There are 2 protein chains.
Amino acid sequence: MDSLHVSYRLRRTADEVEAAARAIAIEQTVEIPDGLISDELRDSVVGRVESIDSSDGVDGCFDVVIAYRVELACGQLSQLLNLIYGNVSILPGVRVVDLQLPPVLLSSFRGPACGIDGVRERLAVAGRPLLATALKPRGSTVTELAAVATEFVSGGGDIVKDDHNLVDAELDGFRERVLRCQEALQAANRETGGSAIYLPNISGPAERLDAMLDVLLDAGVAGALVAPMLLGLDATRALAARATAHSAGRFIVMAHPSFSGSYYHDPGHGIAHELLLGTLFRLAGADASVFPHFGGRFAFRREECIAIGERLREPLGELAPASPAPAGGMQLSNIPDMADAYGADAIFLVGGALLGHSGGLREGTRVFREAIENCFPGGAANDTLNVP
Amino acid sequence: MDSLHVSYRLRRTADEVEAAARAIAIEQTVEIPDGLISDELRDSVVGRVESIDSSDGVDGCFDVVIAYRVELACGQLSQLLNLIYGNVSILPGVRVVDLQLPPVLLSSFRGPACGIDGVRERLAVAGRPLLATALKPRGSTVTELAAVATEFVSGGGDIVKDDHNLVDAELDGFRERVLRCQEALQAANRETGGSAIYLPNISGPAERLDAMLDVLLDAGVAGALVAPMLLGLDATRALAARATAHSAGRFIVMAHPSFSGSYYHDPGHGIAHELLLGTLFRLAGADASVFPHFGGRFAFRREECIAIGERLREPLGELAPASPAPAGGMQLSNIPDMADAYGADAIFLVGGALLGHSGGLREGTRVFREAIENCFPGGAANDTLNVP
C-alpha cells in the first residue's frame, strides 16, 4: 500500500506528544472522535503514526512521521495541501518539516515544463547563473518600463520579469505593456545577438487569467511570473498546464512568494520554507522559484535558502529540476555568497541595485554579469551571447 | 483621492518603527530603494504612513496605519491581498489588524449572494441559529453518508454539509455522492415538511471546479462548501460568481478554514482572524464562514471568535452580511456559550457529538436543536418546520 509520509514538528511535552500525533492522524483524515472510528476505517483511512522522536536541535519539540494512504490525496494539489496541513494549520505548534511523496502520487503532476535545462536552452546560456531583473517601479509609464528592458538586455542581462506589483485594472493595459516590453526586449536581443527573455506578471481576476495567458502566447513571450499563494497553488498549476499545452512545452513559469510568508515565518508552525517554495511550487509547475536570499532586506537564513535550492533541484519522481531564484535587495557584494550557496544552476534576481547603479542600468547590468562570470570561470564557454 | 487604510501591528522598537512603517509603504507599492523614488511616484503610488501609535495592550508593538490609493488594488481580490500583505508577509513581526476599504473598492465585489437573510429564506427558519452537521467520516460508503443526512434532517437539522475531507479522485464519485445525499435529504424534507439544505464540498483540480458546480446546479442543490485557502481566494470568488449567475442568486457558499491557520495563529504576524475569515472571505462571496469556536479542540479565543462574527455581519458597503459558523468539537454544553457569543444570526456546526450521541444521530440532533431553541425562546415563531 503506497503512502505519503509527512514529518510534523510538534511543540508538545513528552507527555502530550503521542496523543497529539494520534489526533493529527485522525483530524486530517476522518475527523471524528477516536471512539467512533471502526477497525476498518482505522486500517484503511486514518493516518498511521510511524515514529515519534525528539527533534534535532529544537528544544521542546518532537518530530512525528505520519503515513497517509496515497489514495487520500486523490492525485490533486489542493487535496494534498488539505491532507498534509488543512485543519492542523489551525492548531498551535505544528509544522510540516518533511514530505516524502511516492512515485504514484508524483506521477499525477507534470511539474516544471521547461526546468533548468529548458530555460538554459531558450537562453543559450550554460555554466553560470542567469541574471534577472524586474520591470519596476509601479507607476512608471510603459515607455519607461520598456527602457528598463532595453538597458538590462543591452548590458547582458538574461531574464526580465515584471515586478509582482505590476497589475492592471484592465486587460488592455496588460496587453500594451507586454507588447511594448517584448518589442523592446527583442530589439535589444537583435543588437546583442542574445536570447534574453521576458516574463510578464499574470495576476488578475480568475476569469481573466486565461485571456492574459493568451496575450503572452500570441506575443511569443517566453513565460510568466505567477504568485501561487495569491492565485491559489492549484490555479497556478492549471495555468501552467494550459500554457504548456499551448506552447509545445516551452512556456516558462517563474513563481513569486508574495503572500506566502505566513506559512514559514514561524519555526514552530506552518510548512518549512523549502517544502512550500521548493517542493510544492515545483509540483505546481514552477520552472523557477523566487525567494529572499539571506543578507538582503528579508530575514531568511542561509540554511533555509540552501534547503530551498536543494528541494527545487533534488530528484523528485520524473519532475524536472527547477531554478532557485534568490532575490530581495541583492547587491554586488552578495554575488559571491549567492554563487557559493546555489552554484551555477540558479537565477540571480537583482532589482534596485541595477536601477540605482551609479553608471546607469546598462553599466550596472554589465558589472553584475561580470561578477557572476568571475565566480564561474570558464562557465560561460557555451554562452553565445555577444555583449557590446 | 480614495484610499484604503491598512493597520499593521509591528513588533519593532520605538527607534525602528518609523523606518519600518516607511519601508512597508514602499515595499508594497514601488519596491525600489527610497533614494530612487521620484517626487511624482511618492505622491501618486507610494503608500502614505498615516499614523504610528503604541499598540493597545500589546507590549513592544506599534500600530501603524498606511493609506494606499484605491487604484492600486485594481478592484481585484488577488491584488488586494498582494497590496496589503504580499511581500510584507515575508517580514517578521508584521500583522494586519484592521482594514478600511472605501465604497468604490467594495463595489467591485458582489460578496455574499444570499447572505443571512437568503439562507434563512431558503430554510424558512427565523429567530434562532441554524443547526448544521457534516457528512463524514471519509471512507464511509455513499449509503452511509446518505443515512447521516436522513437522520440529521429527520431530527430537525437545518444544514448538511460535506466534511471538507470528502474529496473524490473522479467527477463520477462526486456526482454519485451528491445525487444520493441530495435525494436522501429531499426524502427526509418531505417527511418533516421542512426545507433542510445540503452543501457538498467543491474541491478538485482547478479544471474540474466548473463541472463540479454544474453537477450541483443540475441536482438543484442549495449551495456548496468551499475552502478558499485551498482553491485560492479569488478562485473561490469566481466560482461563487458563476454559481450566482446560474442560480438566479440563490446559491449558498459556505467557506471552510482549511489551510488558513498559518495566517492568524501568531498574534505578531499574518492577518487577524476576523479580517481573513470574516472580511476577506465575505468579499470572496461566503454566505457563511466556518471557524473553530472557543472551548473546542482548536485554540481560538473568545474575543477572536466574536470579532469574526462581527466582521461577517457588520455594514460593509452594499455587501450582504454573512453567518458565522462556529464549529470544531462542539458539545451540548457549548450551546449556551455559542448563543451568547453570536446571537441568533449564526450557524452552529456540530459533528462528532451528533454522530456519537448515545441515543443515535436523529435523537442527538433533536436534543441539540432543542438546546438551541431554549436559548432563543420564541425565536422559532416563524419556523414552519414540523419535527416529529
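Worth saying up front: this structure is predicted, and the values here are computed from it rather than measured.

A short note on the sheet that holds strand β2 (residues 48-54) of chain B
Residues and elements named next belong to chain B. One open sheet accounts for 5 strands, arranged β2-β3-β1-β4-β10; its pairing is mixed. On the outer flanks of this sheet lie β2 and β10 (270-271), each paired with one strand and no other. Direction of pairing for strand β4 (residues 94-100) relative to β10: parallel, over a ladder of 2 bridges. By the bridge assignment, Val96 is partnered in β10 with Ile271. Where helix α3 (residues 77-85) meets the sheet, its contacts fall on β1 (3-10), β3 (62-69), β4 and β10, and the angle it forms with β1 comes to roughly 45°.

Observations concerning empty space enclosed by the protein
Per the counting criterion, the structure on display carries 8 cavities of 30 Å³ or more. Considered as a void within the structure, the largest cavity measures approximately 80 Å³ in volume. Forming the walls of the largest cavity are 14 residues, and the residues nearest its centre are Met229 and Gly232 of chain A together with Pro228, Met229 and Gly232 of chain B. Across the lining of the largest cavity, the residue classes break down as 12 nonpolar, 2 polar and no charged.

Section: the confidence of the model for chain A
All names here are of chain A. Looking at chain A, pLDDT values average 95 and 97% of them are 70 or higher. Residue range residues 381-388 is modelled with pLDDT below 50. Its contacts to residues more than four positions away, or to other chains, number 22 contacts. For this predicted complex, the interface score ipTM comes out at 0.96, while the overall pTM is 0.96.

Brief notes about the sheet that holds strand β5 (residues 130-135) of chain A
Residues and elements named next belong to chain A. With parallel pairing, the 4 strands of this open sheet are ordered in space as β7-β6-β5-β13. A strand with exactly one partner marks an edge of an open sheet, and here the two such strands are β7 (197-199) and β13 (347-349). Going across the sheet, the axis of each strand differs from the next one's by a mean of 25°, ignoring polarity. With 3 bridges joining them, strand β6 (residues 159-162) and β7 adopt parallel strand pairing. The partner of Lys161 across the bridge, within β7, is Leu199. The strands touched by helix α5 (residues 115-123) within the sheet are β5, β6 and β7, with β5 carrying the most contacts at an inclination of about 80°.

Rules behind the numbers
- Residues numbered from 1 in each chain as written.
- Chains lettered and ligands numbered in written order.
- Predicted model: local features only at pLDDT ≥ 70, side-chain atom pairs only at ≥ 80, totals over all residues.
- Heavy atoms only, no water.
- Pairing = 2+ DSSP bridges.
- Helix = DSSP H or I, 4+ residues; strand = E, 2+ residues; numbered from the N terminus.
- Contact = heavy atoms within 4.5 Å.
- Axes fitted to C-alpha atoms, helices over the stretch in contact; angles between N-to-C directions.
- 1 Å grid on protein atoms, 1.4 Å probe; cavity = no way out; pocket = protein on both sides within 12 Å on 5 of 7 lines; lining within 4 Å.
- Points joined across faces, edges and corners; volume = space filled by probe spheres on them.
- Nonpolar A, V, L, I, M, F, W, Y, C, P; charged D, E, K, R; others polar.
- pLDDT = per-residue confidence, 0-100.

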